[in-house]
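# Inside the fold
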Amino acid sequence: MIINHPILGPRDAQEFVYLGDANLMGRPDGMTAGIEAFHDYLYNRDNPAGAHRELWYHEQGDRSWLVVTRNTVTHEILKVEMARDVARAGGRSK
Amino acid sequence: MRYSGFRVIAEALTGHKGWKPVWRDPAPQAEYDYIIVGGGGHGLATAYYLAKEFKQARIAVLEKGYLGGGNVGRNTTIIRSNYLLEGNEPFYEFSLKLWEGLEQDFNYNAMVSQRGIINLIHTDAQRDAFTRRGNGMILNGADAEMLNRDQVRALYPFLNFDNARFPIKGALMQRRGGTVRHDAVAWGYARGADMRGVDLIQNCEVTGMRIENGRIRGVETSRGFIGAKKVGVAVAGSSSKVMAHAGMRLPIESHVLQAFVSEGLKPFINGVMTFGAGHFYVSQSDKGGLVFGGDIDGYNSYAQRGNLPVIEDVAEGGMALMPAIGRARLLRTWGGIMDMSMDGSPIIDKTHVEGLYFNGGWCYGGFKATPASGWCFAHLLAKDEPHKTATAYRFDRFLKGLMIDEKGQGAQPNLH
Ligand SMILES: Cc1cc2nc3c(=O)[nH]c(=O)nc-3n(C[C@H](O)[C@H](O)[C@H](O)COP(=O)(O)OP(=O)(O)OC[C@H]3O[C@@H](n4cnc5c(N)ncnc54)[C@H](O)[C@@H]3O)c2cc1C
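Counting restarts for each chain: residues are numbered from 1 in the order of the written sequence. Going through the entries in the order they are written, you letter the chains from A and number the ligands from 1. A pLDDT threshold of at least 70 governs which residues receive local features in this predicted model, and a stricter bar of 80 or more applies before side-chain atom pairs are shown or counted, although totals over entire chains, interfaces and linings include all residues. Only hydrogens and water are removed before side-chain values are computed, so all heavy atoms of the structure are retained for them.

### Comments concerning the packing of helix 2 (residues 41-52) of chain B against helix 3 (residues 89-106) of chain B
Residues and elements named next belong to chain B. Packing of helix 2 against helix 3 brings their axes to within 14 Å, and their N-to-C directions diverge by 70°. Looking at the two axes, helix 2 sits roughly perpendicular to helix 3. Viewed along their axes, helix 2 and helix 3 form a crossing whose handedness is left-handed. Judged by residue contacts, Y48, Y49 and K52 of helix 2 engage L98, L102, D105 and F106 from helix 3. Side-chain classes follow a simple rule in which Ala, Val, Leu, Ile, Met, Phe, Trp, Tyr, Cys and Pro form the nonpolar group, Asp, Glu, Lys and Arg form the charged group, and the remainder, Gly included, forms the polar group. Counted by class, the contact of helix 2 with helix 3 contains five nonpolar, no polar and two charged residues. The angle between two axes is taken between their N-to-C directions and runs from 0 to 180 degrees, where each axis is a line fitted to C-alpha atoms and a helix contributes only its stretch in contact. Numbering of helices and strands runs from the N terminus, with a helix taken as a DSSP run of H or I at least four residues long and a strand as a DSSP run of E at least two residues long. Angles are sorted into four bins: roughly parallel if under 35 degrees, roughly antiparallel if over 145, roughly perpendicular if 65 to 115, and oblique for all others. By convention, the crossing between two helices is left-handed when the near helix turns anticlockwise from the far helix through less than a right angle, and right-handed when the turn is clockwise. Throughout, a residue-residue contact means that at least one pair of heavy atoms, one from each residue, lies within 4.5 Å.

Right, dumping it as C-alpha cells:
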C-alpha cells in the first residue's frame, strides 16, 4: 500500500506504524465522562467493512500522525489528512 | 454410514460404488430451536455437541458460502495448550483432550498428529518466562518440558544455533501439541452433526436479526426469514458485521493473517517450531510442504489476502532460523480474516438480547480451540450458563478490568 502523505508525497506503508480507528483522537473527558464512556472509547470499535478512518504514524519519516481513509475490503486508500488538521477542524487547539 | 478399515477394503473390492454424499443439502425450515450462524469449525462443532452431548434437536447451521470455506480451511493447523493465564489454560487443555479423542468420537479421520511443538528460547529472561509458562501448564494438567540447547540440536541439527542476534539457547516443548488436517475437522463435525439431524444450510447469509421486546425471534437471510428460539453467532472475522445487526459494537478488530506453503521437500521437520523473536513458525505437512507463517499484516482488513511486506518479513524470519530453506520455492500464500480482540483472548457469552449468544474474538489461535469452543458454546446455548472452563470469556471483562492478556500488550489488537 502506498500512502500519499500530504507533505512528503507517496510513501510506502511500511514506513508507518498503524494504531487503529481515528475515533481514538476523540478521547472523552476524564473528569466528567464516566466509566461506561471510557470503556466504550478504549475497547469497542465500529470495525467496518468498507471505508475506515484510521491513524497511521510516520515513524520512519517525519513523525507525523495521519488520518488515512482506507477501504478495508479492497485496501484502496481514499483520502489522507494530517491528524493535527483533523483535530483543529474538530475544535481542538492542537 | 460408519467409516472403518473394513469399509475401505470392501469398497476397494467393489469399485468404490458404495460411498454416499457425506451430508444432506436441506432447504431451510420455517423455524428452529437453535440457529448457529457460521459454518466454520466453531459453528459446526457447536451444532455437533448440541445434538450429541446436550441432546438438543431442531438445530440449523447457516453458512453464507460453503462449509469450511473460512478460517477453518485457511489456518496452519497447529494445536497446543501452552498458555499461561488462569482464564485460558484450563480451556485450551480441555480442547487438547477433546482433540485426543476426536476421531473416535466423530468417526472421521482428522489426521490428529501429536508431533510436539517447541517454542525457541534465546535469552535468560525468555527462559524464565517459558519456565513459568510451563509450570502454569503443568498446574492445569497439561504437559510441558524445558529443552536445553543440545536437546534442541538433537531434534533439529540444521537450525542456525549461533545467530548473532537470536542464538538458540533451548526451548519449551509440549509433546502433546501438534497438527490436525484442518478441512477434515470441518467435514467430520459437519457429517457428525448431519447424522444427528442438524440441517446444514449453505449459501445462506445472515443479513439481519429480528428482535422484538429485547428477544431474538429469528434471522433474515439471503434465503428468507428463518425463525429461532435461540441464535448463536460464530462467524470469526465477520463478528462485528453480524453483531451490528443486533446493534452491538464489539471489542474486536478484523485483521488479515497470511499463511505460506513451500514445494514438497523430504521430511526434515517432524514437529512444530515457533521462532517468536523472528516472527516465524513452521511445520511440515505429510505431503512434504513446509507450512509456515508469521505476524498479521497489522491494519484493519476484510480482504482475504495480505500484502508483500509481511511475506518478505516472514521469509526473512525463516531464513534467519533455517538457512537451509533458502532454495525452496514458495508454492502458495493466502490470507484469512481474524477477529482480533482487545486482549487477545476470546469471548463466549450471552448478549443484551435474550436468546442471542456470541462466540468470537479467536484471533490467530482459534483452530486449536475448535472442539472446546464448540462444546462450551453448546453448553451455554443449552443450559444458559457458561461451561466451567469458559467462565472468564465474558464481554464485561473489559469493563471490570478482568482482561486475559497473555502478552500484556493492552487494548491494541494488532499487537496481540
Ligand atoms: C492464515 C491463518 C493461520 C492460522 N493458524 C492457526 C493455527 O495454526 N492454530 C490455530 O489454533 N489457529 C489458527 N488460525 C486461527 C483459526 O483459523 C481461527 O481462529 C478459527 O478457524 C476461527 O473459527 P471458525 O473455524 O469458526 O472460523 P471460519 O471457518 O472463518 O468460520 C466462520 C464462518 O462464518 C461464515 N459467515 C460469515 N458471515 C456470515 C453471515 N453473515 N451469515 C452466515 N455465515 C457467515 C463464514 O463464511 C465462515 O465460513 C489461523 C488463521 C489464519 C487466517
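Structure shown, so let's carry the discussion forward.
### Structural notes on the interface of chain B and chain A
Of the residues lining the interface, 26 residues belong to chain B; the matching set on chain A comes to 25 residues. By definition, the buried area sums, over both parts, the 1.4 Å-probe accessible area that each loses when the two are put together. Contact between chain B and chain A buries roughly 2200 Å² in total, counting both sides, with carbon and sulfur atoms accounting for 49%. Of all residues in chain B, R249(B), N300(B) and L399(B) bury the most surface against chain A, accounting for 30% of the area lost on that side. For this analysis, a salt bridge means a side-chain nitrogen from Lys or Arg found within 4 Å of a carboxyl oxygen belonging to Asp or Glu. The interface formed by chain B and chain A includes three salt bridges. Linking D46(A) and R249(B) is a salt bridge whose minimum nitrogen-to-oxygen distance equals 2.6 Å. Two N or O atoms form a polar contact when they lie within 3.5 Å of each other; inside protein one atom must be a possible hydrogen donor and the other a possible acceptor, and for residues adjacent in sequence the pair counts only when both atoms belong to side chains. Where chain B packs against chain A, one counts 15 residue pairs in polar contact (both at pLDDT 80 or more). Counting only elements with at least two residues in the side of chain B that touches chain A, the list comes to helix 7 (239-243), strand 12 (252-264), strand 15 (289-300), helix 8 (308-321) and helix 10 (397-400) of chain B.

### Some points on the domain arrangement of chain B
All names here are of chain B. Partitioning chain B into domains gives domain 1 (5-80 + 84-93 + 99-106 + 182-250 + 343-415) and domain 2 (113-178 + 253-341). These domain boundaries are the output of an automatic or database domain assignment. On a C-alpha basis, the centres of domain 1 and domain 2 stand 27 Å from each other. Counting residues at the interface gives 28 residues for domain 1, matched by 34 residues for domain 2. Taking both sides of the interface into account, the surface hidden between domain 1 and domain 2 amounts to around 2800 Å²; carbon and sulfur atoms contribute 53%. For the domain 1 face of the interface with domain 2, the top three residues by lost area are R74, L84 and P413, together amounting to 23%. For R176, the salt bridge goes to E93, with nearest N and O atoms at 2.8 Å. The tally of links between domain 1 and domain 2 comes to 17 residue pairs in polar contact (both at pLDDT 80 or more). Looking at the side of domain 1 that touches domain 2, the elements with two or more residues in it are strand 3 (78-79), helix 3 and helix 7.

### Concerning the pattern of salt bridges
Applying the stated criterion across every chain, the model contains 31 salt bridges over all chains. As a salt-bridge pair, R53(A) and E81(A) come within 3.7 Å of each other at their nearest N and O atoms. Remark: E81(A) occurs in strand 6 (residues 77-82) and R53(A) occurs in strand 4 (residues 51-57); sequence separation between them is 28 residues. Buried residues are those whose accessible area, probed at 1.4 Å on protein chains only, stays under 20% of the maximum for their type, while exposed residues exceed 50% and partly exposed ones sit between those limits. The class of R53(A) is partly exposed, set by a relative accessible area of 39%. With a closest N to O distance of 2.9 Å, E100(B) and R176(B) form a salt bridge. Here E100(B), found in helix 3, pairs with R176(B), found in the loop between strand 6 (170-174) and strand 7 (178-179); they are 76 residues apart in sequence, far enough to count as distant. E100(B) sits in the partly exposed class, given a relative accessible area of 37%. Judged by relative accessible area, R176(B) falls into the buried class, the value being 18%. Three or more residues joined by partner-sharing salt bridges are found here, namely E93(B), K97(B), E100(B), D143(B) and R176(B).

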